[in-house]
Amino acid sequence: MSGHASFEPTNKIVKWFEDRLPVLGLAHASFVAFPTPRNLNYWWTFGGILFFFLLVQIITGIILAMHYVPHEALAFDSTEHILRDVNYGWLLRYLHSNGASMFFLAVYIHIFRGLYYGSFKGPREILWIIGVVIYVLMMAAGFLGYVLPWGQMSFWAATVITNLFSAFPIVGEPIVQWLWGGFSVGQPTLNRFFSFHYLVPLLLYVFVILHVWALHVVGNNNPTGVSVKKDQDTLPFHPYYTIKDSYAIVAFLLIYFWFVFFNPNQLGHPDNYIPADALVTPPHIVPEWYFLPFYAILRAVPDKLGGVLLMFGALAVLAVLPWLDRSKARSLTYRPLMKGFFWIFAVDAVLLGWLGSQPAEGIFVTLSRLATAYYFAHFLIILPLVSKFEVPRPRPASIMDAVLEKSGDADEAKS
Amino acid sequence: MTTNDAVDEKRRDFLYIATGAVAAVGAGLACWPLIDQMNPDATVKALASIEVDLSPVELGQSITVVWRGKPVFVRHRTEEDIKAAEAVDVATLRDPQSDKDRVQKPEWLVMVGICTHLGCIPKGQKVGDDRGDYNGWFCPCHGSHYDTAGRIRKGPAPLNLVVPPYEFLTDEKIKIG
Ligand code: HEM
Ligand code: FES
């Protein structure tokens, strides 16, 4: 993939520098000249949105850490102090807490985009797997951060999640005490969770760089799933996609700011405004909304170790996806049968999320089991079988053909 | 000065592997302090035992005390509670244990009040709490039911509520820990 302008500095000083450390050329090749398929739709803007939110979280987080105190006696009060006393503290805290939700909303859209258009398929397997690693790290960051305000939900989320490790025979109990630094969740736990909460986003940053690096080796997928074949299939990243991404970021900000300025606590749980109490479990513990599908899977299984394994399995199965889908066509646009199953799966995932927010009793348990079974059946049975037998519809010869066909100019292009 | 071009391959391999092995062990040992610092420290471990006066606890009443940062349930069991617990066929239990093995005096049941599933605190200590299907304790987090001996009967928890080490100092006073 060549064909777009390369970086040739005219300024002498820039050239002198570039000869010694070609970092400007790298930036130019990656974000200015980078050949990008000309047919990307708005679902492709979520990578940029994600990067934006990573920066938002890191910047607001570093500032919050200037006022927050990781001590069991002070953590809750210092969070209130940020909200009430610190100049613009309310803004920074609500940007950070709602930023996490927006980050997850964007990553779910980004992942489902990948599922729909087959972006996980060769040659993008490593790109996809790094994405799964990013997702897992995001979950770690979200969980650790949620513990810091040291409200009732913080405390009991920390207790329940760390106890997941106690499911493993023999090593379980020592691991949990090692995580806690005690015999229950307490001061040592809070202090180290703060340390880790600071660390994980920096790791995320490293993995995002690897993610983008891998992307720039294999290039973007696109809505047709057809690989880039000639120069006309692509446009330089700047200005075409810098503008499109910026527009999408601004649109997404509207949703974000609606929460931040008008409903900052909508996505949180009121019990987290009650200080942590080690002797009272809230009657109904629920995790943050973005963990709910996995929480439902955990609770669907009447066996402790089984539940924990299935929950981690639900994540692990994503990593092997490139080898479960055998179809030659990437985009589901050309796979009507699989497209149907994709939407059933999407509904199943949302259903699991809803079930995770309900009490673990009666009909909810039965439904959770069915939805969990379907989740795994989708990846382990439906996807391999359908991709083996479904004959994809004819795909356009190239991206350019697809674009022109849409605008009714196909014949002209061929001549 | 003499030069010797012949290389003793075996000797080289041995030195190579031996050096690598020492380096690996050394690196492993160097990691240990970095890992072990996270384990419970001296102040946490030093948390002493506690003494509990049982005299104010009426028949049928329960109290919760704190030991090592964890709640400990003490229930003054009624005649029916004890009978119900003893009547169970041990072989049918998920974590088989007879009532006798869980108490020192049948009227006093002492256990760590932490659900063995994922660590919530079961309901059943207070009057009016949901005590579950077996009239003992009920964990609302994921629906575990414990009987009047604190044994798991239904739900995802794998084990009975843990009985901590304790002893009777007098008829009405126990020491936990
Ligand atoms: C912090 C989180 C993440 C950031 C900042 C990020 C960033 C990006 C960016 C900038 C792109 C290029 C633009 C685009 O195609 O949208 C991209 C592409 C991609 N991402 Fe992510 N990503 C993140 C998480 C994930 C996750 C969790 C997955 C999957 C599990 C994933 C899978 C992919 C794939 C497969 C591509 C190539 C898509 C294509 O070109 O079709 N990413 N990512
Ligand atoms: S923690 Fe008690 S049932 Fe899960």
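Residues numbered from 1 in each chain as written. Chains lettered and ligands numbered in written order. Predicted model: local features only at pLDDT ≥ 70, side-chain atom pairs only at ≥ 80, totals over all residues. Heavy atoms only, no water.

Q: In this structure, what is going on with the sheet that holds strand 8 (residues 166-170) of chain B? I would like to understand it.
A: Sheet strands pair via backbone hydrogen bonds, and the direction of the pair is either parallel or antiparallel. Residues and elements named next belong to chain B. Ordered in space as 1-9-8, the 3 strands form an open sheet in which the pairing is antiparallel. Two strands bound the open sheet, and with one partner strand each, they are strand 1 (50-53) and strand 8. Strand after strand, the sheet turns through a mean of 30° between neighbouring axes, direction not considered. In this structure, strand 8 lies alongside strand 9 (residues 173-176), joined through 4 bridges in antiparallel fashion. Residue pairing across strands places F168 opposite I174, the latter belonging to strand 9. (Pairing = 2+ DSSP bridges. Helix = DSSP H or I, 4+ residues; strand = E, 2+ residues; numbered from the N terminus. Axes fitted to C-alpha atoms, helices over the stretch in contact; angles between N-to-C directions.)

Q: Looking at this structure, I do not really get the sheet that holds strand 5 (residues 137-139) of chain B. What am I missing?
A: All names here are of chain B. The strand order 5-6-7 describes an open sheet built from 3 strands, whose pairing is antiparallel. This sheet does not close on itself; its edge strands, each paired only once, are strand 5 and strand 7 (152-154). Mean inter-strand twist for the sheet, computed between neighbouring axes without regard to direction, equals 30°. Alignment of strand 5 against strand 6 (residues 144-146), held across 3 bridges, turns out to be antiparallel. Residue pairing across strands places C139 opposite S144, the latter belonging to strand 6.

Q: How should I be thinking about the site of ligand 1 in this particular structure?
A: All names here are of chain A. Taken together, 22 residues surround ligand 1, and among them W44, H110, S119, G131 and H211 come closest. Between ligand 1 and W44 there is a distance of 3.0 Å, counted from an oxygen atom to a backbone nitrogen or oxygen. Residue R113 places a side-chain N or O atom 3.2 Å away from an oxygen atom belonging to ligand 1. Breaking the shell around ligand 1 down by element, the ones donating at least two residues are helix 3 (46-64), helix 5 (89-117), helix 6 (125-147) and helix 9 (187-218). (Near = heavy atom within 4 Å. Polar contact = N/O pair within 3.5 Å; in protein donor to acceptor, adjacent residues only side chain to side chain.)

Q: It is not clear to me how the state of the cysteines should be interpreted in this structure. Could you clarify?
A: Here a disulfide denotes one covalent bond, and it connects the sulfur atoms of two cysteines. Residues and elements named next belong to chain B. Taken as a whole, this structure holds 1 disulfide over all chains when the rule is applied. Paired through a disulfide, C120 and C141 show a sulfur-sulfur distance of 2.1 Å. With the S-S dihedral at roughly -95°, the linkage between C120 and C141 falls on the left-handed side. With C120 in the loop between strand 4 (108-112) and strand 5 and C141 in the loop between strand 5 and strand 6, this pair connects stretches of sequence that are 21 residues apart. (Disulfide = S-S within 2.5 Å.)

Q: When you look at the coordination of the iron atom of ligand 1 in this model, what are you seeing that I'm missing?
A: Six octahedral donors at a metal ideally form angles of 90 or 180 degrees, and four tetrahedral donors ideally form angles of 109.5 degrees. Residues and elements named next belong to chain A. Bound to the iron atom of ligand 1 are the protein donor atoms H110 (NE2) and H211 (NE2), situated 2.1 to 2.2 Å from the metal. One can describe the donor arrangement at the iron atom of ligand 1 as octahedral, given that its 6 donor atoms subtend angles of 78 to 180° at the metal. Of this pair, H110 sits in helix 5 while H211 sits in helix 9, and the two are 101 residues apart along the sequence. The exposure class of H110 is buried, given its relative accessible area of 16%. (Donors = N, O, S within 2.8 Å, 3.2 Å for Na, K, Ca; no water. Tetrahedral: all angles 85-135°; square planar, octahedral: opposite > 155°, others 65-115°. Buried < 20%, exposed > 50% of the residue type's maximum accessible area, 1.4 Å probe, protein only.)

Q: Where do I start with the interface of chain B and chain A in this structure?
A: Think of interface size as the accessible area that goes away when the parts come together; that is how it is often given. With 26 residues of chain B at the interface, the matching set in chain A holds 29 residues. Regarding the contact of chain B and chain A, the summed buried area is about 2,300 Å², with carbon and sulfur atoms giving 66% of it. Put simply, chain B and chain A have 0 salt bridges between them. Our enumeration of links across chain B and chain A arrives at 8 residue pairs in polar contact (both at pLDDT 80 or more). Contributing elements (two or more residues each) for the side of chain B that touches chain A: helix 2 (42-46) and strand 3 (70-76) of chain B. Class assignment of the residues belonging to the side of chain B that touches chain A gives a composition of 13 nonpolar, 8 polar and 5 charged. (Contact = heavy atoms within 4.5 Å. Buried area = accessible area lost by both parts, 1.4 Å probe. Salt bridge = Lys/Arg side-chain N within 4 Å of Asp/Glu carboxyl O. Nonpolar A, V, L, I, M, F, W, Y, C, P; charged D, E, K, R; others polar.)

Q: Would you take a moment to explain a nonpolar patch on the surface for this structure?
A: Residue and element names in this part refer to chain A. On the surface, Y88, W90, F257, W258, F261 and F262 cluster together into a nonpolar patch covering about 690 Å² of accessible area. Broken down by element, the residue count for the nonpolar patch peaks at 4 residues, all from helix 10 (residues 237-262). Tracing the backbone through its elements, the reader meets W90 in helix 5. (Patch = residues over 30% accessible without salt bridge, like charges linked within 9 Å, V, L, I, M, F, W, Y side chains within 5 Å. Areas by Shrake-Rupley, 256 points an atom, 1.4 Å probe, with all protein chains shown as cover.)

Q: Looking at this structure, I do not really get the packing of helix 6 of chain A against helix 12 (residues 304-319) of chain A. What am I missing?
A: How two helices pack is summed up by the angle between their axes together with the distance between the axes. Residue and element names in this part refer to chain A. Here helix 6 crosses helix 12 at 155°, and the two axes come no closer than 8 Å. The angle between the axes of helix 6 and helix 12 places the two elements in the roughly antiparallel class. Across from W128, I129, V132, Y135, V136 and M139 in helix 6, the residues of helix 12 making contact are L315, L318 and A319. Its residues placed into classes, the contact of helix 6 with helix 12 shows 9 nonpolar, no polar and no charged. (Parallel < 35°, antiparallel > 145°, perpendicular 65-115°, else oblique.)

Q: Can you help me understand the pattern of salt bridges in this one?
A: Side chains that differ in charge, positive against negative, can pair when their charged atoms come close. Residues and elements named next belong to chain A. Scanning the model with the defined rule gives 10 salt bridges over all chains in all. Measuring nitrogen to oxygen at the nearest pair gives 2.8 Å for the salt bridge that ties E80 to R84. Residue E80 and its partner R84 are located together in helix 4 (residues 75-84), separated by 4 residues, close to a single helical turn. Relative accessible area serves as the criterion here: at 14%, E80 is assigned to the buried category. One continuous salt-bridge network, built from bridges that share partners, spans K121, D325 and R335.

Q: I would appreciate a short explanation of the domain arrangement of chain A in the present structure.
A: All names here are of chain A. When the domains of chain A are assigned, the result is domain 1 (1-33) and domain 2 (43-287). Averaged C-alpha coordinates put domain 1 and domain 2 at centres separated by 34 Å. Each partner contributes residues to the interface: domain 1 has 8 residues there, and domain 2 has 12 residues. At the boundary of domain 1 with domain 2, total buried surface from both sides reaches about 730 Å², with 62% on carbon and sulfur atoms. (Domains from an automatic or database assignment.)

Q: Sorry, what's going on with the packing of aromatic side chains here?
A: To describe a pair of aromatic rings, one takes the distance between the centres and the angle between the planes. Within the structure shown, the criterion is met by 40 aromatic pairs over all chains. Between the aromatic rings of F52(A) and F53(A), the centroid separation amounts to 5.6 Å while the plane-to-plane angle is 90°, which identifies the pairing as edge-to-face. Assessed through its relative accessible area of 29%, F52(A) is described here as partly exposed. Taking relative accessible area as the criterion, F53(A) reaches 1% and is therefore assigned buried. Of the aromatic side chains, those joined through ring pairs into one cluster are W44(A), F112(A), Y116(A), Y117(A), F342(A), W343(A), F345(A), Y375(A), F376(A) and F379(A). Over the aromatic face of W137(B) sits the side chain of R75(B), whose NZ or CZ is 3.9 Å from the ring centroid. (Phe/Tyr/Trp six-rings, centres within 6.5 Å; stacked < 30°, edge-to-face > 60°. Lys NZ or Arg CZ within 6 Å of the ring centre and 35° of its normal.)

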